[in-house]
Amino acid sequence: MLGRAHADFSLSGLKTALRLEAERIAPLGEEDVRDLCAAFQQSIVEVIADRVRMGLKAFQERHGRPTALVAAGGVAANDAVRQALQRVAVEASTALVVPPPQLCTDNGAMIAWAGAERLALGLTDTLEAAAHARWPLSEVRGVGTAEPAGKAVSAADQPASKAAGPQAAGTKGGSVRP
């Protein structure tokens, strides 16, 4: 993956390689686990830095020099990732914007929070509610519409496929407050 012209990447192959190596040297001692974890983290950091470099290059070709590089989510809490992204930002003559580590939470925590917010508003759905992997915010009532975002909308007021929202269905999506 390193050095490819596009910025796309997946870590699934790397995870498989780690599992296969762990199986090959099993049984694992404490030092083996430490070495595998350190090598895995270093590989991830190298891939992220390389792919972000390519992404910044593509951005600059299309839109001009970026004014900032933003990192968030669980991965942004990792010090090695932060340091690598800082180096990439300096190379690109741009600023790195990252929340404090305690605010870099995993998507699962964000989804759970969105669900808690919906529950507090009395918005519940049955297990028959349709799940949507990607759901434009413009289609969610109370978001980007004339309807006030703070207004509580009961699930009964919405079709079952839209009442749940992507968070309540346990899929990826932005935090939505009805």
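How each quantity is defined
- Residues numbered from 1 in each chain as written.
- Predicted model: local features only at pLDDT ≥ 70, side-chain atom pairs only at ≥ 80, totals over all residues.
- Heavy atoms only, no water.
- Helix = DSSP H or I, 4+ residues; strand = E, 2+ residues; numbered from the N terminus.
- Buried < 20%, exposed > 50% of the residue type's maximum accessible area, 1.4 Å probe, protein only.
- Contact = heavy atoms within 4.5 Å.
- Areas by Shrake-Rupley, 256 points an atom, 1.4 Å probe, with all protein chains shown as cover.
- 1 Å grid on protein atoms, 1.4 Å probe; cavity = no way out; pocket = protein on both sides within 12 Å on 5 of 7 lines; lining within 4 Å.
- Points joined across faces, edges and corners; volume = space filled by probe spheres on them.
- Nonpolar A, V, L, I, M, F, W, Y, C, P; charged D, E, K, R; others polar.
- pLDDT = per-residue confidence, 0-100.
- Axes fitted to C-alpha atoms, helices over the stretch in contact; angles between N-to-C directions.
- Parallel < 35°, antiparallel > 145°, perpendicular 65-115°, else oblique.
- Left-handed = near helix turned anticlockwise from the far one by under 90°.
- Expected span 1.5 Å × (residues − 1).
- Arc of directions from axis to C-beta.
- Polar contact = N/O pair within 3.5 Å; in protein donor to acceptor, adjacent residues only side chain to side chain.

Peer 1: Any details on the overall build of the protein? Residues and values, ideally.
Peer 2: The helix and strand inventory of the protein stands at six helices and two strands. Buried residues in the protein amount to 28% of all 178 residues. Nonlocal contacts in the protein, meaning residues at least 24 apart in sequence, comprise 70% of its contacts between residues at least 6 apart. Carbon together with sulfur atoms contributes 57% to the accessible area of the protein, which is approximately 11300 Å² in total.

Peer 1: Can you explain the layout of surface pockets? Please cite residues and give values.
Peer 2: Of the voids in this model, the largest pocket is the one considered here, and its volume is about 260 Å³. As for the largest pocket, its lining consists of Phe9, Leu11, Ile48, Val52, Leu69, Val70, Ala71, Ala72, Val75, Val81 and Leu85. Residue assignment for the lining of the largest pocket shows that the elements contributing at least two residues are helix 2 (30-63), strand 1 (68-70) and helix 3 (79-91). Tallied by class, the residues present in the lining of the largest pocket amount to eleven nonpolar, no polar and no charged.

Peer 1: Summarise unusual backbone geometry; cite the residues concerned and give the values.
Peer 2: Peptide bonds are mostly trans, and most non-glycine residues show a negative phi. At the junction of Ala26 and Pro27, the peptide bond is cis and its omega measures out at 0° in the coordinates. The topology assignment puts Pro27 in the loop between helix 1 (12-25) and helix 2. A positive phi angle, close to 55°, is found at Ser93, a residue other than glycine. Mapping Ser93 onto the fold places it in the loop between helix 3 and strand 2 (95-97).

Peer 1: Before we move on, can you summarise the confidence of the model for the protein with the specific residues and values?
Peer 2: Segments scoring low in pLDDT should not have their predicted coordinates read at a detailed level. Averaged over all residues, the pLDDT of the protein is 78; the fraction at 70 or higher stands at 78%. Segment residues 143-178 is flagged for pLDDT under 50; beyond a separation of four residues in sequence, or across chains, it makes 71 contacts in the model.

Peer 1: I'd like a rundown of the packing of helix 1 against helix 2, residues and numbers included.
Peer 2: Running from amino to carboxyl end, helix 1 crosses helix 2 at an angle of 160°, the nearest separation of the two axes being 11 Å. Classed by the angle they form, the pair helix 1 and helix 2 counts as roughly antiparallel. The way helix 1 lies across helix 2 gives a crossing that is right-handed. Between helix 1 and helix 2, the contacting residues are Leu14, Lys15, Leu18, Glu21, Ala22 and Ile25 on the first element and Asp32, Leu36, Phe40, Ser43 and Ile44 on the second. Class assignment for the residues of the contact of helix 1 with helix 2 results in seven nonpolar, one polar and three charged.

Peer 1: Which residues make up helix 3, and what values do they have?
Peer 2: Taking 1.5 Å of rise per residue, the 13 residues of helix 3 would be expected to cover 18 Å, and the 18 Å separating its terminal C-alpha atoms lies within 8% of that figure. Every buried residue belonging to helix 3 is among Val81, Arg82, Ala84, Leu85, Val88 and Ala89, and all of these are buried. One side of helix 3 holds all its buried residues, which, seen down the axis, span an arc of 165°. When the buried face of helix 3 is taken as reference, the exposed residues oriented beyond 90 degrees from it are Asp79 and Val90. In this structure, the buried residues of helix 3 make contact with helix 2, strand 1 and strand 2. Between the side-chain oxygen of the N-cap and the backbone nitrogen of Ala80 there are 2.9 Å, and the N-cap of helix 3 in question is Asn78. Positioned one or two residues after helix 3, Ser93 has a phi angle of 55°, which is positive.

Peer 1: Describe the packing of helix 2 against helix 3, and please don't skip the residues or the numbers.
Peer 2: It is at 9 Å that the axes of helix 2 and helix 3 come closest, and there the two elements cross at 25°. For the element pair helix 2 / helix 3, the angle class is roughly parallel. For the element pair helix 2 and helix 3, the recorded crossing hand is right-handed. Contact residues: Gln41, Val45, Ile48, Ala49, Val52, Arg53 and Leu56 in helix 2; Ala80, Val81, Ala84, Leu85, Val88 and Glu91 in helix 3. A class-by-class count of the residues in the contact of helix 2 with helix 3 yields ten nonpolar, one polar and two charged.

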